[in-house]
Amino acid sequence: MSTFIYFADIFGVIVFALSGALMAGRYRLDPFGVMVLAAVTAVGGGTIRDIILGAPVFWTVQNEYVAVIFVTALLTILLIRQPKLVPKRFMHVADAFGLALFAVLGTHKALSYEQTILTSVIMGTITGVAGGMIRDIICNRIPLILRQEIYALAAMLGSFLFVGLTYIGLSEPIAGSLAMAGALILRLAGIYWKVSLPAFHFDDELKD
Amino acid sequence: MSTFIYFADIFGVIVFALSGALMAGRYRLDPFGVMVLAAVTAVGGGTIRDIILGAPVFWTVQNEYVAVIFVTALLTILLIRQPKLVPKRFMHVADAFGLALFAVLGTHKALSYEQTILTSVIMGTITGVAGGMIRDIICNRIPLILRQEIYALAAMLGSFLFVGLTYIGLSEPIAGSLAMAGALILRLAGIYWKVSLPAFHFDDELKD
Amino acid sequence: MSTFIYFADIFGVIVFALSGALMAGRYRLDPFGVMVLAAVTAVGGGTIRDIILGAPVFWTVQNEYVAVIFVTALLTILLIRQPKLVPKRFMHVADAFGLALFAVLGTHKALSYEQTILTSVIMGTITGVAGGMIRDIICNRIPLILRQEIYALAAMLGSFLFVGLTYIGLSEPIAGSLAMAGALILRLAGIYWKVSLPAFHFDDELKD
C-alpha cells in the first residue's frame, strides 16, 4: 500500500470516527459511548468485510487505527463544544471522500482474496457504508444511508469502476484514482443538487 | 445438493427477499435500501451460520443468490405498487416454506461441518430466523419473531426432526422432507389458529 | 482453565442470561424470545470476540453453556412472576461480577491467540459489554452501557490490569484475581455513588 493511500486511509478513519463521535454527542453518551460509536463508524465496515473474507481483522493487526480513533474521540469531546466548529459542508465533503476511498480499498482487498467480481463490488460497498449503518442502528435510528442522497450508490459506483478499469488493463493506482473520483463526484453531485433516488413506498396493508 | 433442493432454496431466497423488500416499502427506503433489506432478510441467517461455522460465506462463492435477490428487489419496486398484489396468505405460506427449508438446510450444513447435535439445531434455527430479525432491527422494530405465532419454534422443530430422523437411520432426503413437513405444518397451524406461545411478562420495577 | 474459573464462568453466564430473560419479560416476548435474549446477552460478547480472533466460537464446542442458558431462561419464565424476586442489588452485584470476569477471561483468550496488548484489551472489553449492547439493540433501546455509571470503563480497567500485571511477571491466577477485583470495585463504586462519566453533548445543529 503506497504512502499516499496509507495517509488517505487514516484520514478516512478520522472523518468517519468524527462523524460517529458527533452522533454520540447528539445522544448524550458518556466518553466510552463516544469511543464506541467513533470506532464502530470508522472500522465497522472493514471489520464485517474481513470477517466475511476470512481475513485477519485489519485493526487487530494494525493497532494504529485504534489509536487514531481514540485520539479523534478524545479531541472531539475536549474541543467540540459547539458543533458549528465542524462546518456541515466540510463534514459532507470529507465523509464523501472517506466513502469513496473505503469503497475502492475494500474492493481491492476482496479482489486480492480472489473473490468474484460481484462479491468484490459488494465487499467494497459494505466497507464504505456498513460502519455508518451500525452507528445508526446503535442509536436507534433507521440508517439514513438507506434513504439518503445517492450515498450507497456512490460507493457501489466506485467499486464497479475499480473492477472495470483494472479489468480493461489500467494499473491499480490509476484505476483506483479514477474510481474514487467517480464515486466522489456522484456523491457530491447528490449532495449539491439534493438528488435522492425516488423512495419506494405504498400504503401498506400488510400490517402484522 | 439435489436439483430439487437447489430450486427450493432459490425459491426460499426469493420469498425472504420479497418480504424484506416489502418492509422497505413500508419505511420509504430508496432503491438501495430496498436491496439491502431484501439481501439481509434473504441471506442474513445463512451468513451468520457460515461465519460461526468458519465456512466460506455461501453467497460469496455462489453469486447466483445475489443476482436472484437483486432481480427480486428490482421487480418488487417496479411491479408492486399495491401491496394487495402480494396476497397476505401467499406470503405467509411461502414464508413458512422458506423458514422450514432454511432450518433443515442449515442444520444439514452444520452437521456436515461436524458440529454437535445441539449446535446444529441452533445453527438451523439461526439460518431460518436471523435474517428476519436483522431486517426488523434495521427498521427499528423489536423483531416480531420474538413474539409471533410459533415462528422460531417451527424452525427449531424442523432442525430437531432432521437431526433425530437421520440419527435413527433415515436417509437425508427422507429425513429432510419429513423435518420440513413438520416445521411447515407447525408454522401453518400457528398462523391458522393464531396460536402464540404465552408471552412472558410482568410489571417491571427493574427500570434503570 | 481451573475448576474455580470454570464455575465462575458458568455463574457469569447465568447472571447475564437472567438479565436478558428479565429484559424479555419487560417487552412481553414469547418463550423463544426469552431464550434468544438470554443467549445473546450471555454469549454475544464472547461470540464476537471468537469470530474476530478467528477462534472456534466457544459455545459451539462447549454446549454446556447453551444448556445453562436454556435452563436459566426456563426457570426465569416459570419462577419469576414478580421481578421483586430478583433483588435489584443482587442483580447489580452479580452483573458486575460477570462483567469483571468476562473482561479478564476475554483478555486472556486474546493474548493466548497472540494478539497485541491493545487488541487484547479491546477483546476483553468486547467480551464484557457486547452481549448487553446487542440485547439492548434488539429491544430497540440505545445501549445503556454507553451512558451508564462506569460500566464499560470497569471492563477496560480489568483488561488493562490483567495485561499489565502479567507483563510485570505476576502469575495468571494472581494477575487475573487482582484485575477482576479492580474491575469489580470500580463498577461497584460507580453504582454505589451513582458516578457516571460526564455525558458528551451539545445542542446539535448537524440535523440531517
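Residues numbered from 1 in each chain as written. Chains lettered and ligands numbered in written order. Predicted model: local features only at pLDDT ≥ 70, side-chain atom pairs only at ≥ 80, totals over all residues. Heavy atoms only, no water.

Per an unreviewed UniProt entry, chain A is named Trimeric intracellular cation channel family protein, and its organism is Thalassotalea nanhaiensis. Looking at chain A in UniProt, the text filed under Sequence similarities (unreviewed entry) is "Belongs to the UPF0126 family." Under the heading Subcellular location (unreviewed entry), UniProt records this for chain A: "Cell membrane". (UniProt positions renumbered as here; feature names shortened; annotations may be inferred.)

All right, on to the overall build of chain A then. Scanning chain A from terminus to terminus reveals 8 helices and 0 strands. Put simply, chain A runs from its N terminus to its C terminus through helices and strands in the order α-α-α-α-α-α-α-α. Its C-alpha atoms give chain A a radius of gyration of 17 Å, near enough to 17 Å, the size a compact globule of 208 residues would have. With the C-alpha coordinates of chain A rotated into their principal frame, the extents come out at 50 × 50 × 35 Å. Put simply, chain A has 208 residues, and 57% of those count as buried. Taking all contacts inside chain A whose residues are at least 6 apart in sequence as the whole, residues at least 24 apart take part in 74%. Surface accessibility of chain A: about 8800 Å² in total, with carbon and sulfur atoms responsible for 70%. (Helix = DSSP H or I, 4+ residues; strand = E, 2+ residues; numbered from the N terminus. Rg over C-alpha atoms; globule rule 2.2 N^0.38 Å. Buried < 20%, exposed > 50% of the residue type's maximum accessible area, 1.4 Å probe, protein only. Contact = heavy atoms within 4.5 Å. Areas by Shrake-Rupley, 256 points an atom, 1.4 Å probe, with all protein chains shown as cover.)

Once that is clear, we can look at a nonpolar patch on the surface. Together, F70(A), V71(A), L74(A), L75(A), L78(A) and L79(A) make up a nonpolar patch on the protein surface, roughly 570 Å² of accessible area in all. Classification of L75(A) by relative accessible area gives partly exposed; the value is 42%. (Patch = residues over 30% accessible without salt bridge, like charges linked within 9 Å, V, L, I, M, F, W, Y side chains within 5 Å. Salt bridge = Lys/Arg side-chain N within 4 Å of Asp/Glu carboxyl O.)

This paragraph deals with the environment of A181(C). All names here are of chain C. Locating A181 in the fold gives a position in helix α8 (residues 172-192). With a relative accessible area of 31%, A181 lands in the partly exposed category. For A181 and L161, which are 20 residues apart along the polypeptide, the C-alpha to C-alpha distance reads 9.8 Å.

Quick look at the packing of helix α5 (residues 88-112) of chain B against helix α7 (residues 151-167) of chain B now. Residue and element names in this part refer to chain B. At a minimum axis distance of 9 Å, the contact between α5 and α7 shows a crossing angle of 40°. The angle between α5 and α7 places the two elements in the oblique class. For α5 against α7, the interelement crossing comes out right-handed. Listed contacts from α7 to D95, L99, A103, V104, T107, H108 and L111 of α5 are Y151, A154, A155, G158, S159, F162 and V163. Of the residues assigned to the contact of α5 with α7, the class counts are 9 nonpolar, 4 polar and 1 charged. (Axes fitted to C-alpha atoms, helices over the stretch in contact; angles between N-to-C directions. Parallel < 35°, antiparallel > 145°, perpendicular 65-115°, else oblique. Left-handed = near helix turned anticlockwise from the far one by under 90°. Nonpolar A, V, L, I, M, F, W, Y, C, P; charged D, E, K, R; others polar.)

Before going further, it helps to spend a moment on the packing of aromatic side chains. Residues and elements named next belong to chain B. Enumeration according to the criterion identifies 12 aromatic pairs over all chains in this entry. Taking 5.5 Å as the distance between ring centres and 70° as the angle between the ring planes, the aromatic pair formed by F11 and F97 counts as edge-to-face. Taken as a pair, F11 in helix α1 (residues 3-26) and F97 in helix α5 lie far apart in primary sequence, 86 residues in all. The class for F11 is partly exposed, based on a relative accessible area of 34%. (Phe/Tyr/Trp six-rings, centres within 6.5 Å; stacked < 30°, edge-to-face > 60°.)

To continue, consider the UniProt feature "transmembrane region" (unreviewed entry) in chain A. Residue and element names in this part refer to chain A. The residues that UniProt annotates with the feature "transmembrane region" (unreviewed entry) are residues 6-25, 32-59, 65-81, 93-111, 117-138, 150-168 and 174-193. Strand forms 0% of residues 93-111 and helix 100%; the C-alpha atoms that close the span are 27 Å apart. What you have in residues 174-193 is 95% helix and 0% strand, and the ends, taken at the C-alpha atoms, are 28 Å apart.

The next subject is the pattern of salt bridges. On inspection of all chains with the given rule, the structure shows 12 salt bridges over all chains. Two residues, D136(A) and R135(A), come together in a salt bridge whose shortest N-O distance is 3.1 Å. R135(A) matches D136(A) in its accessibility class, with the two residues each being buried. Across the pair K109(B) and D50(B) runs a salt bridge whose closest N-O atoms are separated by 3.1 Å. Here D50(B) lies in helix α2 (residues 31-53) and K109(B) lies in helix α5, a separation of 59 residues in the sequence. In terms of burial, K109(B) and D50(B) fall into one category: buried. When salt bridges with common partners are traced through the structure, they connect R49(A), D50(A) and K109(A) into a single cluster.

Residue and element names in this part refer to chain B. For L37, the location among the structural elements is in helix α2. Looking at L37, the relative accessible area reads 0%, which means it is buried. The sequence separation of L37 and L184 amounts to 147 residues, and the corresponding C-alpha distance is 24 Å. Setting aside its immediate chain neighbours within four residues, L37 contacts G20, M23, A24, L29, R135, I138 and C139.

In this section: the UniProt feature "domain: Glycine transporter" (unreviewed entry) in chain A. Residues given the UniProt feature "domain: Glycine transporter" (unreviewed entry) here are residues 7-79 and 93-165 of chain A. Between the end C-alpha atoms of residues 7-79 of chain A the distance is 23 Å, and the span holds 86% helix and 0% strand.

A word on the side chain of D30(B). Residues and elements named next belong to chain B. Within the secondary structure, D30 sits in the loop between α1 and α2. Assessed through its relative accessible area of 3%, D30 is described here as buried. A distance of 2.9 Å separates the side chain of D30 from the backbone nitrogen of F32, its partner in a polar contact. (Polar contact = N/O pair within 3.5 Å; in protein donor to acceptor, adjacent residues only side chain to side chain.)

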